Amino acid sequence: MNIFEKIHPNLNVNELSTDSLAYLGDAVFNLFVKVLYFKNTSVKNLHKDSQLLVNRNFQATLLDKALPLLNEEEKAFVKRGINSKGAGRYGNDPAYRKSTGFEVLVGYLYLTNQERLYNLLMEVLK
């Protein structure tokens, strides 16, 4: 059982703000990385080690790896993230824009297709 499936309502992801999807995607990706690597490191090093993967530059790299694997709807959500007001928060930093696009994709897939999200993350984290 996934406890989060019990608490998130049936949402229309097209009606959610891009910033909300990015915020959710950031949290989901952070938890995913920590759970994935939890058994391979000490708790002392878990935060430090996970920060190597949960940052704008690495997420931008993951987006580059994921783009060829995405369908048109997924690419549209990435584009929403890259062009969002939140992505422009740090000026025109390409890594920040891409990382926001990646986070929006993760948030979107978390809400719509968790199996697809799992498979995509495992593929790009290879």
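The name an unreviewed UniProt entry assigns to the chain is Ribonuclease-3 family protein, from the organism Thermosipho japonicus.

Caption draft 1: Geometry of the packing of helix α2 (residues 18–38) against helix α6 (residues 94–112). One way to put it is that α2 packs onto α6 with a least axis distance of 6 Å and a crossing angle of 80 degrees. Comparing their axes, α6 and α2 come out roughly perpendicular. Contacts between α2 and α6 pair T18, L21, A22, L24, G25, D26, V28 and F29 from the former with T100, F102, E103, V104, V106, G107, Y108, Y110 and L111 from the latter. Looking at the contact of α2 with α6, its residues break down into eleven nonpolar, four polar and two charged.

Caption draft 2: Up close: the UniProt feature "domain: RNase III" (unreviewed entry) in the chain. The sites that UniProt annotates as "domain: RNase III" (unreviewed entry) are residues 20–114. For residues 20–114, the end-to-end C-alpha separation is 18 Å, with 74% helix and 0% strand making up the annotated structure.

Caption draft 3: Broad picture of the packing of aromatic side chains. Tallied over the full model, the rule gives three aromatic pairs. Between the aromatic rings of F29 and F102, the centroid separation amounts to 5.1 Å while the plane-to-plane angle is 90 degrees, which identifies the pairing as edge-to-face. With F29 in helix α2 and F102 in helix α6, this residue pair connects regions lying 73 residues apart in the sequence. Ring centres of F77 and Y108 lie 4.0 Å apart, and the angle between their planes is 15 degrees; this geometry places the pair in the stacked category. You can see F77 sitting in helix α5 (residues 72–82) and its partner Y108 sitting in helix α6, a full 31 residues away along the chain. For the pair shown, F77 and Y108 are each scored as buried.

Caption draft 4: Representation of the packing of α2 against helix α7 (residues 114–124) within the structure. The geometry of α2 relative to α7 is characterised by a closest axis approach of 12 Å and an angle of 65 degrees between their N-to-C directions. Crossing angle aside, the handedness with which α2 passes α7 is right-handed. In this structure, α2 contributes V28, F29, F32 and L36 to the contact, and α7 contributes L117, Y118, L121 and M122. Residues belonging to the contact of α2 with α7 are distributed by class as follows: eight nonpolar, no polar and no charged.

Caption draft 5: The arrangement of the environment of L120 in detail. Looking at the element boundaries, L120 is found in helix α7. Overall, the relative accessible area of 4% leaves L120 in the buried class. Residues L120 and L24, 96 residues apart in the sequence, show an inter-C-alpha distance of 17 Å.

Caption draft 6: Quick peek at the side chain of S50. The topology assignment puts S50 in helix α3 (residues 43–51). Residue classification places S50 among the buried positions, given a relative accessible area of 2%. If near-sequence neighbours (up to four positions away) are discounted, S50 is found in contact with V33 and K34.

What counts, and at which threshold
Residues numbered from 1 in each chain as written. Predicted model: local features only at pLDDT ≥ 70, side-chain atom pairs only at ≥ 80, totals over all residues. Heavy atoms only, no water. Axes fitted to C-alpha atoms, helices over the stretch in contact; angles between N-to-C directions. Helix = DSSP H or I, 4+ residues; strand = E, 2+ residues; numbered from the N terminus. Parallel < 35°, antiparallel > 145°, perpendicular 65-115°, else oblique. Contact = heavy atoms within 4.5 Å. Nonpolar A, V, L, I, M, F, W, Y, C, P; charged D, E, K, R; others polar. UniProt positions renumbered as here; feature names shortened; annotations may be inferred. Phe/Tyr/Trp six-rings, centres within 6.5 Å; stacked < 30°, edge-to-face > 60°. Buried < 20%, exposed > 50% of the residue type's maximum accessible area, 1.4 Å probe, protein only. Left-handed = near helix turned anticlockwise from the far one by under 90°.

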